[in-house]
Amino acid sequence: MMNADQGSQFTSDVFIGILEANKVIISMDGKGRGIDNIFIERFWRSLKYECIYWNSFETGITLNKGLKEYFQFYNQERFHESLEYKIPLNIYRATA
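Note that this is a predicted model, so its numbers are computed, not measured. (Residues numbered from 1 in each chain as written. Predicted model: local features only at pLDDT ≥ 70, side-chain atom pairs only at ≥ 80, totals over all residues. Heavy atoms only, no water.)

Trainee: Could you give an account of unusual backbone geometry, naming the residues involved and the relevant values?
Mentor: Unusually for a residue other than glycine, E84 sits at a positive phi of about 55 degrees. In this fold, E84 is placed in the loop between helix 4 (60-76) and helix 5 (88-95). Its relative accessible area of 62% is what places E84 among the exposed residues. For Y85, which is not glycine, the phi dihedral falls at a positive 60 degrees. With respect to the helices and strands, Y85 occurs in the loop between helix 4 and helix 5. (Helix = DSSP H or I, 4+ residues; strand = E, 2+ residues; numbered from the N terminus. Buried < 20%, exposed > 50% of the residue type's maximum accessible area, 1.4 Å probe, protein only.)

Now the structure itself:
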């Protein structure tokens, strides 16, 4: 199953054709429903404002490296308000 919003990249004939050819069930959020998946929407906002907009990635290689560094920071160092200002890795370790 593939769940996405109704962005043009997800509603294009080419994209939908690939999903259908591979027998993938298509699920789309309602139009203008950014709150349908609020956690991932908030993550994308954090990624853009804390990483993408602050850096000038010249190549795909530097972008890939920057994203890997951000994901590590986001999960292993960054305090999260929704987690009572705790770090996700610390919560994971406490419950594992």
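Trainee: Can you lay out the layout of surface pockets for me, pointing to particular residues and giving the numbers?
Mentor: Put simply, the largest pocket is a space of about 250 Å³. In terms of lining, the largest pocket is formed by I38, F39, R42, F43, S46, Y74, R78, H80, E81, S82, L83 and P88. Here the residues of the lining of the largest pocket are counted per class, giving 6 nonpolar, 3 polar and 3 charged. Considering only enclosed or pocket space, the second largest pocket measures out at about 200 Å³ in volume. If you go around the second largest pocket, the residues you meet are M2, N3, A4, D5, Q9, F10, D29, N37, I40, E41 and W44. Looking at the lining of the second largest pocket, the elements with two or more residues in it are strand 1 (2-4), helix 1 (8-11) and helix 3 (38-52). Grouping the constituent residues of the lining of the second largest pocket by class yields 5 nonpolar, 3 polar and 3 charged. (1 Å grid on protein atoms, 1.4 Å probe; cavity = no way out; pocket = protein on both sides within 12 Å on 5 of 7 lines; lining within 4 Å. Points joined across faces, edges and corners; volume = space filled by probe spheres on them. Nonpolar A, V, L, I, M, F, W, Y, C, P; charged D, E, K, R; others polar.)

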